[in-house]
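Per-entry structural report
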Amino acid sequence: MSDTKPEPNDVAPHTSPNTQRQRASQLAQALRQELHKAVIGQQDVVDGVLTALIAGGHVLVEGVPGLGKTLLVRALARCFGGDFARIQFTPDLMPSDITGHAVYDMASEQFKLRKGPVFTNLLLADEINRAPAKTQAALLEVMQERQVTLEGRALAAPQPFLVMATQNPIEQEGTYPLPEAELDRFMLMLRMDYPQADEELALVRQVTRSVRTDILDVSGLRVLLQAKDVQALQKIASDLPLDDQVLDYAVRLARATRNWPGLTLGAGPRASIALVRCARARALLRGGDFVVPNDVKGCALAVLRHRVRLSPELDIEGTSVDQLLQQLLEQIAAPRL
């Protein structure tokens, strides 16, 4: 694979599948490098967001304040030439503030539809758990069906459409937990942790050189892909070869959560689908020609952790969902290809 960075629109539809795959992989890796110019460290989270982008799914990023959750999405939006919108979720936010509403036009004496910020390619739902359930529910239809019903009319969302939401897991005051139906619509739930010592050193050095007060600047990032390039990446990833044994492994992982000791709620079929789609995206991101079991295993925690529920006994003992899922991954045998 060459070291030259691909330019935007570099995924040519008329070339051979192998060449397309190689160019798509180069473009995805160039996007990863560009994001790391703004987001220092957090490799797993950056790769998770890129996996969701290529797999065509929504992503929920969880972490304490000040770790760069919003920065990551802003950086991705900067590298993306499509439409971007941001909604700051607050307790007084109304569903119509997200989806839009009908406005009476005095001149024509008719109601006109005013589309909300949800009609975009990349939507940042910042601190999504700060809005009440009825406002959170405004995203349910568009996340699943890629459309919004306004005044009895079904309006299609632009393609591609991706929701990237952030939430703070430790704050309880003024927050509303996301219902299971909405959590299940997120393909991945990513956990952003504190940076390593050397990463924090580099972060502080870079930020304190900037004229901005305490945030990293994303204005210098290059636009690497347009909306049609994202759709091309998604199509190339969905065509990656997948052995039946790997498909069976993904389904077995999801099904195992339904009767695993210590779990009172298991993952549904949407998790099986997400495991396969994410595995294909990860294979493309690493430059592979086909999907291997490690691609499934590598995204399993992010796909499953928000779709299962711990038993009260293990919760009281302090066992985490990730610990239990890690045991599951170690005990479910992966195929040898």
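The model shown is predicted, which means the values in this text are computed figures rather than measured ones. (Residues numbered from 1 in each chain as written. Predicted model: local features only at pLDDT ≥ 70, side-chain atom pairs only at ≥ 80, totals over all residues. Heavy atoms only, no water.)

**Details of the overall build of the chain**
A tally of regular secondary structure across the chain gives 14 helices and 11 strands. With respect to the principal axes defined by its C-alpha atoms, the chain has extents near 70 × 55 × 45 Å. Out of the 337 residues belonging to the chain, those deemed buried represent 49%. Counting only carbon and sulfur atoms, one obtains 50% of the accessible surface of the chain, whose full area is about 16500 Å². Computed over 37 positive and 40 negative side-chain charges, the inter-centroid distance for the chain is 5 Å. (Helix = DSSP H or I, 4+ residues; strand = E, 2+ residues; numbered from the N terminus. Buried < 20%, exposed > 50% of the residue type's maximum accessible area, 1.4 Å probe, protein only. Areas by Shrake-Rupley, 256 points an atom, 1.4 Å probe, with all protein chains shown as cover. Lys, Arg positive; Asp, Glu negative; His and termini not counted. Charge placed at Lys NZ, Arg CZ, Asp CG, Glu CD.)

**Considerations on the nonpolar core**
With 82 residues, the main nonpolar core has Leu188, Leu253, Leu275 and Val303 as its most contacted residues. Looking at this core, the element that brings in the most residues is helix 11 (residues 269–285), giving 10 residues. When sequence neighbours within four positions are dropped, the list of residues in contact with Leu188 reads Gly48, Thr51, Ala52, His58, Val59, Leu60, Cys278, Cys299, Ala302, Val303 and His306. Of all hydrophobic cores here, the second largest spans 27 residues; its members include Phe89, Val142, Leu178 and Leu183. (Core = buried A, V, L, I, M, F, W, Y, C linked by side-chain atoms within 4.5 Å. Contact = heavy atoms within 4.5 Å.)

**Section: the pattern of salt bridges**
Counted according to the given criterion, the structure contains 15 salt bridges. Among the ionic pairs, Glu180 bridges to Arg309, the shortest N-O distance being 2.4 Å. One end of the pair, Glu180, is in helix 7 (residues 180–183); the other, Arg309, is in strand 11 (residues 309–310), with 129 residues separating them in the sequence. The shortest N-O distance in the salt bridge between Arg252 and Asp248 comes to 3.0 Å. Taken together, the positions of Arg252 and Asp248, both in helix 10 (residues 244–256) and 4 residues apart, correspond to about one turn of that helix. The structure contains a network of salt bridges with shared partners spanning Glu62, Arg191, Arg305 and Asp322. (Salt bridge = Lys/Arg side-chain N within 4 Å of Asp/Glu carboxyl O.)

**Re the packing of aromatic side chains**
Evaluation of the coordinates by the stated rule reveals 0 aromatic pairs. Sitting over the ring of Phe119, Lys115 keeps its end group 5.0 Å from the ring centre. (Phe/Tyr/Trp six-rings, centres within 6.5 Å; stacked < 30°, edge-to-face > 60°. Lys NZ or Arg CZ within 6 Å of the ring centre and 35° of its normal.)

**As for the pairing of strand 3 (residues 100–105)**
Of the strand pairs in this sheet, strand 3 and strand 4 (residues 110–115) are connected by 6 bridges, and their pairing is antiparallel. Paired with Asp105 across the two strands is Gln110, which belongs to strand 4. (Pairing = 2+ DSSP bridges.)

**Observations concerning the confidence of the model for the chain**
Regions with low pLDDT should not have their predicted coordinates read in detail. Averaged over all residues, the pLDDT of the chain is 86; the fraction at 70 or higher stands at 92%. Scored below 50 in pLDDT, residues 1–9 makes 24 contacts in the model with residues more than four places away or belonging to other chains. (pLDDT = per-residue confidence, 0-100.)

**Here we look at the environment of Val61**
You can see Val61 is positioned in strand 1 (residues 58–62). With a relative accessible area of 1%, Val61 lands in the buried category. Residues Val61 and Gln167 lie 106 residues apart in sequence; the distance between their C-alpha atoms is 6.5 Å.

**Examining the packing of helix 1 (residues 17–38) against helix 9 (residues 227–238)**
Interaxial distance between helix 1 and helix 9 falls to 10 Å at its minimum, and their mutual angle equals 125 degrees. When the axis of helix 1 is compared with that of helix 9, the two are oblique. Here helix 1 and helix 9 pass one another in a crossing that is left-handed. The segment helix 1 lies against helix 9, with Gln20, Arg21, Ala24 and Leu27 engaging Asp229, Leu233 and Ile236. Grouping the amino acids of the contact of helix 1 with helix 9 by side-chain chemistry returns 4 nonpolar, 1 polar and 2 charged. (Axes fitted to C-alpha atoms, helices over the stretch in contact; angles between N-to-C directions. Parallel < 35°, antiparallel > 145°, perpendicular 65-115°, else oblique. Left-handed = near helix turned anticlockwise from the far one by under 90°. Nonpolar A, V, L, I, M, F, W, Y, C, P; charged D, E, K, R; others polar.)

**A few points about the side chain of Gln167**
In this structure, Gln167 sits in strand 8 (residues 162–167). Owing to a relative accessible area of 9%, Gln167 belongs among the buried residues under this scheme. Filtering out sequence-adjacent residues up to four positions away, Gln167 remains in contact with Leu60, Val61, Glu62, Gly63, Lys69, Ile128, Asn129, Leu178 and Met189.

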